[in-house]
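Structural characterization, general
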Amino acid sequence: EAGVAQSPRYKIIEKRQSVAFWCNPISGHATLYWYQQILGQGPKLLIQFQNNGVVDDSQLPKDRFSAERLKGVDSTLKIQPAKLEDSAVYLCASSLADRGGRDEQFFGPGTRLTVL
Amino acid sequence: RKEVEQDPGPFNVPEGATVAFNCTYSNSASQSFFWYRQDCRKEPKLLMSVYSSGNEDGRFTAQLNRASQYISLLIRDSKLSDSATYLCVVKDYKLSFGAGTTVTVRA
């Protein structure tokens, strides 16, 4: 079974530029998550989708970050404009459903973003 | 206070040793608890869920103490392949990850 796919794997940009990340979850997984993991820290949930609806985006910096999952399958996360502190690994994860958070999340390999 | 706190370690142990570490959480209404494993520069992977009665999976034992608001992970008979960062995950209305506890098993 194919896992969660993410692209690109690495991205280097200058501050104030824009960047977009793409995620394709495991087939049939209704729930999709985007996390930000800064070096030395645990992943921080940015946004959670259930099919194409947003379940939780309370920690998404909405002035510069946006995400969409228009057809309930793949998703994009955008940063515009990027700041130095956005340097991190952006992880996408998916799960079958969100039964009170008890479903296992499967993570993609992540996109490592460096903002110069 | 952070929602989920872990001792960052590192815990350096010889092969065959037992190592245990805890994770504390701040929200008493938290519903679900997990341990994830993350190898260096890799994505996290689920190690085990943590149930109220405690549970065991091979050499790994997880315990939940709701009164004191902590969960624990114990690794028996450590292997070199157990070297990783162990992330504590707690769900109240959202999922919160701890910063991880690093375990290094030496030959």
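Cut-offs and rules
Here the residue numbers are simple positions, counted from 1 along each chain's written sequence. The lettering of chains begins at A and the numbering of ligands begins at 1, in the order of writing. With pLDDT at 70 or above as the cut-off, local features in this predicted model cover only qualifying residues; side-chain atom pairs require 80 or more to be listed or tallied, and sums for whole chains, interfaces and linings still use all residues. Excluded from the side-chain calculation are hydrogens and water; included are all heavy atoms of the structure. Only buried residues count toward a nonpolar core, which is a set of Ala, Val, Leu, Ile, Met, Phe, Trp, Tyr and Cys residues joined through side-chain atoms within 4.5 Å. Working definition: with a 1.4 Å probe on protein chains only, accessible area under 20% of the residue-type maximum means buried, over 50% means exposed, and in between means partly exposed. What counts as a helix is a DSSP run of H or I of at least four residues, what counts as a strand is a run of E of at least two, and both are numbered from the N terminus. The predictor rates its confidence in each residue with pLDDT, a number between 0 and 100. Residues are treated as being in contact if the distance between any of their heavy atoms lies within 4.5 Å. A 1.4 Å probe defines the accessible area here, and the buried area is the portion of it lost by two parts on being joined, summed over both. The working definition used for a salt bridge is a side-chain nitrogen of Lys or Arg within 4 Å of a carboxyl oxygen of Asp or Glu. We call two N or O atoms a polar contact when they sit within 3.5 Å, provided that within protein one can donate a hydrogen and the other can accept it, with sequence-adjacent residues counted only if both atoms are side-chain atoms. In the scheme used here, Gly and all other residues not listed as nonpolar or charged are polar, with Ala, Val, Leu, Ile, Met, Phe, Trp, Tyr, Cys and Pro taken as nonpolar and Asp, Glu, Lys and Arg as charged. The distinction between a cavity and a pocket rests on a 1 Å grid over the protein atoms alone: a 1.4 Å probe fits inside a cavity but cannot get out, while a pocket stays open yet meets protein on both sides within 12 Å along at least five of seven lines, and a residue with an atom within 4 Å of a point counts as lining. Grid points are joined across faces, edges and corners, and a volume is the space filled by probe spheres set on the points. What counts as a disulfide here is a pair of cysteine sulfur atoms lying within 2.5 Å.

Some words on the nonpolar core
Counting 23 residues, the largest nonpolar core has B:Phe21, B:Trp35, B:Ile71 and B:Tyr86 as its most contacted members. Only strand 3 (19-25), strand 4 (32-38), strand 5 (44-50), strand 7 (60-65), strand 8 (70-75), strand 9 (84-91) and strand 11 (101-106) of chain B provide two or more residues apiece to this core. Judged by nonpolar contacts, the second largest core, of 21 residues, contains A:Cys23, A:Ile47, A:Phe49 and A:Leu60.

A word on the confidence of the model for chain B
Any region with low pLDDT has predicted coordinates that should not be read closely. Across chain B, the average pLDDT comes to 94, with 100% of residues at or above 70. When pLDDT is averaged over each element of chain B, strand 11 of chain B comes out on top at 97 and strand 10 (residues 95-97) of chain B at the bottom at 89.

Re the interface of chain A and chain B
Interface size, as often reported, equals the accessible area lost upon joining of the parts. Taken together, the contact between chain A and chain B spans 22 residues of the former and 17 residues of the latter. Note on chain A versus chain B: buried area summed over both sides is about 1500 Å², and carbon and sulfur give 53% of it. At the boundary of chain A with chain B, the tally comes to 0 salt bridges. Taken together, chain A and chain B are joined by 2 residue pairs in polar contact (both at pLDDT 80 or more). Counting residues per element, the side of chain A that touches chain B draws most heavily on strand 4 (residues 31-37) of chain A, which supplies 3 residues. A class-by-class count of the residues in the side of chain A that touches chain B yields 7 nonpolar, 10 polar and 5 charged.

Some remarks on the layout of surface pockets
Considering only enclosed or pocket space, the largest pocket measures out at about 680 Å³ in volume. Listed by contribution, the elements that provide at least two residues to the lining of the largest pocket are strand 9 (88-95) and strand 11 (111-115) of chain A together with strand 9 and strand 11 of chain B. Ranked by residues supplied to the lining of the largest pocket, first place goes to strand 11 of chain A with 4 residues. Class assignment of the residues belonging to the lining of the largest pocket gives a composition of 13 nonpolar, 12 polar and 6 charged. Space inside the second largest pocket adds up to approximately 390 Å³.

What about the environment of B:Tyr25?
Residue and element names in this part refer to chain B. With respect to the secondary-structure elements, Tyr25 resides in strand 3. Residue class for Tyr25 comes out buried when judged on its relative accessible area of 1%. For the pair Tyr25 and Val105, spaced 80 residues apart in sequence, the C-alpha to C-alpha distance is 27 Å. For Tyr25, the residues in contact, after removing those within four places along its chain, are Arg1, Glu3, Val4, Ser30, Phe33, Leu64, Asn65, Arg66, Gln69, Tyr70 and Val90.

A closer look at unusual backbone geometry
The linkage connecting A:Ser7 with the following residue, A:Pro8, adopts the cis geometry, with an omega of -10°. Relative to the helices and strands, A:Pro8 resides in the loop between strand 1 (5-7) and strand 2 (10-13). In this structure, A:Arg16 is a non-glycine residue whose phi angle is positive, near 80°. Positioned with a positive phi, B:Gln69 is a non-glycine residue whose angle comes to about 55°. The topology assignment puts B:Gln69 in the loop between strand 7 and strand 8. B:Gln69 gets classed as buried once you look at its relative accessible area, which sits at 17%.

Concerning the environment of B:Ile71
Residues and elements named next belong to chain B. Among the structural elements, Ile71 can be located in strand 8. As a C-alpha pair, Ile71 and Ser52 span 19 residues in sequence and 9.8 Å in three-dimensional space. In this structure Ile71 touches Phe21, Asn22, Cys23, Phe33, Phe34, Trp35, Val50, Gln63, Leu64 and Cys88, once residues within four positions along its chain are discounted.

Comments concerning the state of the cysteines
Residues and elements named next belong to chain A. For the structure shown, the criterion picks out 2 disulfides over all chains. Covalently, Cys23 is tied to Cys92 through a disulfide, its sulfur atoms 1.9 Å apart. Because the torsion about its S-S bond is -70°, the bridge between Cys23 and Cys92 counts as left-handed. You can see Cys23 sitting in strand 3 (residues 19-24) and its partner Cys92 sitting in strand 9, a full 69 residues away along the chain. The same class applies to Cys23 and to Cys92, which are both buried.

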